[in-house]
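Understanding the architecture of this molecule
For reference, the chains in residue letters:
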Amino acid sequence: MLYPQSNLCRSVLSLDGNWRFRIKEDQESYDPKDPLDHWLSVAVPASFNDQVADPAIRNHVGYFYYQRDFTLPKTLADQDIFLRFGSATHQAWVYVNGQKVAHHQGGFTPFECKITDAVSFSKTNRLTVLLSNILDHTTLPVGHYHEKKDDQGKIKRELDENFDFFNYAGLNRSIVIYTSSKAARLTDLTILPELNDSLDQAKVSFDVSIDSQVNDGLSYQISIYDEAEKIVVEGKANESEFYLDQPHLWQPLNAYLYTAQVDLYQDGQLVDTYRQDFGIRKIEVKNGQFLINQEPFYFKGCGKHEDSYAHGRGFDPVYNVLDINLLKSMGANSIRTSHYPYSEEMMQLCDREGIVVIDETTGVGIMSSFGFNMSNFDPNTYRDDTFQELNTQPAHEQVIRELIQRDKNHACVVMWSLANEAATFNPEAHDYFAPLFDLARSLDPQKRPLTMINILLATPDTDQCSDLVDVICLNRYYGWYTQTADFDLAEDLSLKELQDWQALYPDKPIMYTEYGVDTVAGLHAIERQPFTEEFQWDYYVMMSRVFDQVDNFVGEQLWNFADFQTKVGVQRVQGNKKGIFNRAREPKMVVRFLKERWQKIPNFNYKTKTN
């Protein structure tokens, strides 16, 4: 599936703006071709939750409608018409003029459908979307869902999110109509850049997918442009393999992007064209190091969330640009898309800005007994019934397919994360995850490294899946959820565990993908008190000492970039406060320490291996 773009052969019409919104009542009879009644206005793209003033609507669990009308110019009547959703959270049934045209489950990946036969060019069209924000033991993310009937027979739905972020829902990303030729169109493009060992020549291969009613007389031509828009390669008809000498390399914080243009011809007439940016770089994992263009790379950055005031999880280009600029100003070079695929526009921005991305699926909550207080569990003996209670593998396979299909061409993506904090301490975990790793490896043309993010209960002694990953990625909260405020013990335990992992897998890189403490901006104390800014500062100083003592340690991605909204709980005060920035992107005191540290750490060759 191609990202929508306007060009000589394609038109894109945005459906962003104000939509009609209404909660669906149980057992109501409603025809989606009719106008909604008793509706509220909500903006798209954005979550509906924080746009309304009614707490019952904000926290609604169940079904709800979005609706808007649109018109199509008659000049497009000879074109095929497609409707594309950047996402619809979490399940959507789509109707055009009352006709069902699409259904999709999974709230963070795009989908599209052809609506040529459902639309009118002579009158206004009506688009109605029925959505559900229900999560259960078959979905990703995972939710604990229950429903019961009250005395009047009305269904009451309850959802306890099995994860630590608010279940923002709705049409969180842009909705567009785009057009293409009825004769033939480009449907997908895979670009595979491969560098030789001396990095002075790149083989660039293309796989072009075409939807055509007639194959006779069909051909395509590929051209490659540099950043100055000069043609560096111009192929012959149907040529799909090219060699670039002395190519410019895509580097962390120093991105260089080429542009491929594919022109599709029918009997010599141009019927479709598409342009795709791509970068040339080499990713390898060797000898306990993560190599980008044959140099040992050191990850500096954070996990994030798509989370902002009013927008909720909605696409916000201003916050995206601000967040990347703040990170770059600190010397950071990387993010993880915790805990779901981020918007396509964010991935394009990371390509352009040279931000290295660990691209994560929605595989979060795959631990049926998930909770905040890890101190109650003994990692050596604790087990739960995750893989008896949950049935998430079909959803997991789907999101792996859709994520890799969507992001396969992005230079910024250097590694796929298949899950976050799953119950890999259980004996059944390997049987669950091994087929998913095999699937991901088979789907990615670039054969990027794979990982999944390890929870504290999955230690070197108890983890069942560390043989599957290329990079050991750890979420650890010594000194916070365990050994609270005892930084001396936390430091010893952190260092010992990293040394144990290195001894177990001497050829695998190790990094932290989460570590942090909740900090209320403006709260201070002389002594070491949790939630104060001084406590956060001391914590990061302590953890930095640990990181610098382990040869195979290749990166520090803290948790979290900014405070974010969560479900209600006694351990959450208006959300998770582990951000180094507050939710408004105002810095906490520790940003100064991290900026000083990260600006001194080079992107490459920070660690000298002592083998």
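The rules we used
Residues numbered from 1 in each chain as written. Predicted model: local features only at pLDDT ≥ 70, side-chain atom pairs only at ≥ 80, totals over all residues. Heavy atoms only, no water. Core = buried A, V, L, I, M, F, W, Y, C linked by side-chain atoms within 4.5 Å. Buried < 20%, exposed > 50% of the residue type's maximum accessible area, 1.4 Å probe, protein only. Helix = DSSP H or I, 4+ residues; strand = E, 2+ residues; numbered from the N terminus. Contact = heavy atoms within 4.5 Å. Axes fitted to C-alpha atoms, helices over the stretch in contact; angles between N-to-C directions. Left-handed = near helix turned anticlockwise from the far one by under 90°. Nonpolar A, V, L, I, M, F, W, Y, C, P; charged D, E, K, R; others polar. Pairing = 2+ DSSP bridges. Domains from an automatic or database assignment. Buried area = accessible area lost by both parts, 1.4 Å probe. Salt bridge = Lys/Arg side-chain N within 4 Å of Asp/Glu carboxyl O. Polar contact = N/O pair within 3.5 Å; in protein donor to acceptor, adjacent residues only side chain to side chain.

The biggest cluster of nonpolar side chains holds 119 residues, and the ones touching the most others in it are Phe 290, Phe 299, Phe 433, Tyr 512, Tyr 540, Ile 580 and Leu 594. A per-element tally of this core places helix H6 (residues 429–443) first, with 8 residues. If we ignore the near neighbours within four places in the chain, the residues touching Phe 299 are Phe 290, Asn 333, Ser 334, Val 356, Ile 358, Val 414, Met 511, Val 554, Gly 555, Glu 556 and Gln 557. Ranked by size, the runner-up nonpolar core spans 36 residues in total, among them Ile 57, Leu 83, Ala 88 and Ile 175.

The geometry of helix H2 (residues 317–330) relative to helix H3 (residues 344–353) is characterised by a closest axis approach of 11 Å and an angle of 35° between their N-to-C directions. Crossing hand, H2 versus H3: right-handed. Where H2 abuts H3, its residues Asn 320, Val 321, Ile 324 and Lys 328 lie against Met 346, Leu 349, Cys 350 and Glu 353. Of the residues belonging to the contact of H2 with H3, the class tally is 5 nonpolar, 1 polar and 2 charged.

The subject of this paragraph is the sheet that holds strand S26 (residues 413–420). Through backbone hydrogen bonds, the strands of a sheet pair up, either in parallel or in antiparallel fashion. Strand order in this closed barrel of 8 strands is S23-S24-S25-S26-S27-S28-S29-S30, and the pairing throughout is parallel. Adjacent strand axes in the sheet meet at a mean angle of 25°, parallel and antiparallel pairs treated alike. With 3 bridges connecting them, strand S24 (residues 334–336) and strand S25 (residues 356–360) associate as parallel partners. When the bridges of S25 are listed, Arg 336 appears paired with Ile 358. Contacts from H3 reach S24, S25 and S26 within the one sheet, and its direction differs from that of S25 by about 155°. The strands touched by helix H5 (residues 393–407) are S25 and S26; relative to S26, the strand with the most contacts, the crossing angle is about 165°.

What follows is about the domain arrangement of the chain. As far as domains go, the chain holds domain 1 (11–180), domain 2 (184–279) and domain 3 (296–600). Distance from the C-alpha centre of domain 1 to the C-alpha centre of domain 3: 30 Å. Opposite the 31 residues of domain 1 that make contact, domain 3 presents 42 residues. Around 2900 Å² of area is buried between domain 1 and domain 3 when both sides are counted, 55% of it from carbon and sulfur atoms. Looking at the side of domain 1 facing domain 3, the largest losses of area belong to Leu 140, Asp 164 and Phe 165, adding up to 24% of the total buried there. Where domain 1 packs against domain 3, one counts 4 salt bridges. Residues Arg 572 and Asp 164 are paired through a salt bridge, measuring 2.8 Å at the closest nitrogen-oxygen approach. Put simply, domain 1 and domain 3 have 21 residue pairs in polar contact (both at pLDDT 80 or more) between them. Only strand S7 (99–105) and strand S11 (155–161) provide two or more residues apiece to the side of domain 1 that touches domain 3. Taken together, the residues of the side of domain 1 that touches domain 3 break down into 11 nonpolar, 13 polar and 7 charged.

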